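Secondary and tertiary structure notes
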Amino acid sequence: MRRDRHGVKRIDLAEMQLASSETARIINRDIVLELIRASQPISRADLARSSGLGRSTISQIVEQLIGENWVREGAMGSLPRGRRPTMVGLNEDLVAIAVDIHPRQASVALVDLNGRLLSRWPVPLTSDPAASMRLIIDCMQRMHRTSPKKSIEGIGISLPGRVNPTTQRLIFAPNLKWPEFDIKKVVETEMGLPVMLENDATACLLAELTFARMDGIRDAVLVAVAEGVGTCLLANGQLLSGHNGMAGEFGHIPIDPNGPRCGCGKNGCWELFSSSRAALRYYRELRPKGPVIGFRELLNLAEEGDSAAAQALAKQAMWIGRGLRMIIASVSPSTILIAGDLTSAWHRFGPVIEKEVADLTLAGSSPLIRPSHEGEIARLRGAAALVFQRGARRTASPPAAANTKKLA
């Protein structure tokens, strides 16, 4: 529906899609699945009361979810009188393999439907994508062998770049610096499981939407701060991907044409002033003879009273806050989430970022700014959420057996 200049709603026939009974059934199924996630263990009667659906409808949906392996029955509930209900909850044996790729290292984890990391292994990477993916695949195969009782729904991969939503090919990753390589095809061929790729910021926001509490938030932006700066947009409750999946590349908007050269080929991009690498650069400028350290070590030094480390982090926080003006002026979100290792030191970053945003807000109140609930594991949980959400859509049509792969 759209409004014309008289304020009258009209239907855009180019985007028209008629609702069907199948559409309503899928929506109801998704609602019930999320109610189970939020309130498990829960009885069918309580699901009917919470959803407003009839008990017979709830029973049909729950039986379908059990048949698809998403839900399992558990203990008997207790009532003051009458028949004791059988409680239902998510099937914790249904898991996803989640991969989070950074320029020099990846993390591979086994994640269950509740978002719990059952195991997590680091994997070193090289500049050769084929060799790097071989190491990641070897790690995933070890997970096969060490988790024989789990059913794997698929593999989700979080990447420091943009993925074309149609081709599922990595098309823009200046910090990764890999030549063109079909990650999805290689992993699917080796593992025999469906593979989903996504930008790391989108994965972080998926983790928030799936495993955290974002009820009532319809317009938000997540800013993922690591070696670079990535963003994901939520508008009217929908994730925006844009043309070729490139929506939200605020990290590569130049804010100082005389600034350092960026991996994307431009000078002075926002991420060159706001990323973890930028903070390390600020520290080296203040401590030119200091040791070579990583960002987590920089955070530790600041907590131990190193004034140069504290100044470097404060400068990074200032530039994060200043860069957020581009986002606020462009899409005016009600909430801005910050994800990355820096959230563990939010007492340092939060006040500085909030002050910069308040000073630069054009009109009205500033958006709510808060750290991601997921911290450093947001990308892994988001990669798993990508698998579970797309897997749920795939198994929503046939109401029969589970569409999962049992480990040998």
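Preceding block: the structure.
Everything in this summary refers to the structure shown in the same document. Computed from a predicted structure; not experimentally measured.

**A word on the side chain of S372**
For S372, the location among the structural elements is in the loop between strand 16 (368-371) and helix 12 (378-395). A relative accessible area of 6% means that S372 is categorised as buried. Among the polar contacts made by the side chain of S372, one reaches the side chain of E208 at a distance of 2.8 Å. The residues touching S372, leaving out its near neighbours within four places in the chain, are E208, I338, A339, T343 and A378.

**Description of the pattern of salt bridges**
Evaluated as defined, the whole model comprises 23 salt bridges. In this structure, the salt-bridge partner of E356 is R322, at a minimum N-O distance of 3.2 Å. Separated by 34 residues along the polypeptide, E356 in helix 11 (residues 346-360) and R322 in helix 10 (residues 307-331) bring together distant segments of the chain. For R322, a relative accessible area of 38% puts it in the partly exposed group. The network of salt bridges with shared partners includes R29, D30 and E68.

**Remarks on unusual backbone geometry**
P41 follows Q40 through a cis peptide bond whose omega is -10°. Among the structural elements, P41 can be located in the loop between helix 1 (21-39) and helix 2 (44-51). Phi angles above zero are rare outside glycine, and N236 is one such case at about 55°. Given the relative accessible area of 53%, N236 is considered exposed. Although it is not a glycine, N244 adopts a positive phi angle of roughly 60°.

**Quick look at the environment of M133**
Within the secondary structure, M133 is located in helix 4 (residues 129-146). M133 gets classed as buried once you look at its relative accessible area, which sits at 1%. The residues touching M133, leaving out its near neighbours within four places in the chain, are I101, W178, F181, I183 and V187.

Conventions and cut-offs
- Residues numbered from 1 in each chain as written.
- Predicted model: local features only at pLDDT ≥ 70, side-chain atom pairs only at ≥ 80, totals over all residues.
- Heavy atoms only, no water.
- Helix = DSSP H or I, 4+ residues; strand = E, 2+ residues; numbered from the N terminus.
- Buried < 20%, exposed > 50% of the residue type's maximum accessible area, 1.4 Å probe, protein only.
- Polar contact = N/O pair within 3.5 Å; in protein donor to acceptor, adjacent residues only side chain to side chain.
- Contact = heavy atoms within 4.5 Å.
- Salt bridge = Lys/Arg side-chain N within 4 Å of Asp/Glu carboxyl O.

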